Amino acid sequence: MQIADKHSLWNHAAQRGAVTQMKGYKAFFNTMLALWMSLPTLAHAETVVMAVPGPGNMAFLPVYLTKAIGADHDEGLTLKLRYFNGGPLAIRDLITHNSDFVAVSLPAIAAARADGMPVVAFGQLSDSAMFVLLLRANLKNQVTSIAQLNGRRIGTPAGTSTQRTMGQMVAEYLLSRAGLKPNDTLFIPTGLNRESQHAALSSGTVDALIGDEPFASELVAEGVAVILADMYSVAQSKALLNGSIVRAALATRESVYAQHPSTVKKVQRMLNRTLEWLSKHSSQEIAHKLASQPGFDAANTKQLIAILQRSQGMFPNQLAWNTQAVATTESFFHRMAANQAESDLHFADFIRN
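Owing to the predicted nature of the structure, the values given are computational and were not obtained by experimental measurement. (Residues numbered from 1 in each chain as written. Predicted model: local features only at pLDDT ≥ 70, side-chain atom pairs only at ≥ 80, totals over all residues. Heavy atoms only, no water.)

Colleague: Quick rundown of the packing of helix H13 (residues 283-290) against helix H14 (residues 301-310)? Include the residues and the values.
Modeller: The N-to-C vectors of H13 and H14 enclose an angle of 135°; their axes lie 9 Å apart at closest approach. Between H13 and H14, the interaxial angle falls into the category oblique. Between H13 and H14 lies a crossing whose hand is right-handed. Contacts between H13 and H14 involve Ser283, Gln284, Ile286, Ala287, His288 and Leu290 from the former and Thr301, Leu304, Ile305, Leu308 and Gln309 from the latter. In terms of residue class, the contact of H13 with H14 is built from six nonpolar, five polar and no charged. (Axes fitted to C-alpha atoms, helices over the stretch in contact; angles between N-to-C directions. Helix = DSSP H or I, 4+ residues; strand = E, 2+ residues; numbered from the N terminus. Parallel < 35°, antiparallel > 145°, perpendicular 65-115°, else oblique. Left-handed = near helix turned anticlockwise from the far one by under 90°. Contact = heavy atoms within 4.5 Å. Nonpolar A, V, L, I, M, F, W, Y, C, P; charged D, E, K, R; others polar.)

Colleague: Give a detailed account of the packing of helix H6 (residues 106-114) against helix H15 (residues 323-335), specifying residues and quantitative values.
Modeller: Where H6 contacts H15, the axes come no closer than 10 Å and their chain directions differ by 55°. As far as their axial angle goes, H15 and H6 are oblique. Once H6 is placed against H15, the crossing between them reads as right-handed. Mapping the contact onto sequence places Leu106, Pro107, Ala110 and Ala111 in H6 and Thr329, Phe332 and Phe333 in H15. Partitioned by chemical class, the residues of the contact of H6 with H15 number six nonpolar, one polar and no charged.

Colleague: Break down the sheet that holds strand E7 (residues 186-190) for me, citing the residues and quoting the values.
Modeller: Strand order in the open sheet formed by five strands is E7-E6-E8-E5-E9, with mixed pairing between adjacent strands. Of all strands in the sheet, those with a lone pairing partner are E7 and strand E9 (225-230), marking the two edges. Going from strand to strand, the sheet's axes swing by 30° on average, the running direction of each strand aside. (Pairing = 2+ DSSP bridges.)

Shown next as structure tokens:
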């Protein structure tokens, strides 16, 4: 009887254990099912590939921030970024169907359009030109103004054989404004990342270059460069370029815009979510979100915060076009036109609302 009781107890305990285990499995399954059902956008996310200069260029911060805050997932998308050393190179990636969207400068989009490329712009991502003209530090006692760059080598973002970058257009404009002619300086292609800009200046390959933040501030802090002109400030950008110039804009191929309107709208809403988030959070919160993204160094978070704080107003609150800024950008583009096709181009032909 005592032995039988032991067996009975063992069997009962085993049955209880099995029931408990089954309950555990069921609870786990229910938890996973609930999690899956609560994330339908991740389960069935549509992948969109976007070409962008970078990584890490602050002019295109909203695009990088989109990944950091998950605004793509909120719209049922998975955003994949492809990085390039200049807007024309990113647009070429778009035209060759390696990407379906692009974030580049509005003048670069205009240059592509004038070159016969079927590209349309459908959103504005910045409210200033956002470039920095840097001078090699060991020249600071010899060159104290843009006019004194006569005979010097100027680094600009990489373009193509038929398209200049906005960076080169801005450099040409600043030199012209200072009284220099196009052949008074030599333009040399340099990358849009900290490594290539550092190498170009420190090696003496260029005497000055059109740079970007946060790389410009890093180069200054390292003693590699000094600033000749800062166009990250909205006020200074307007003063140097006679008004607001749209640096960053969203674009796609005409076929994508016409045949996939729902995806285009998702991309618009995705970036609108990001711009809204950007407008409601502090420089510290923005910098910490970006710290884990490609091109941003967590060790330089304090520097990034300082740049954001001194450059308020760089980004709009939504993608909607600023008609005055578009008009100023068009005038700038026509003034810097390299051929008749660029001179005759009307921005209304390729800008979509």
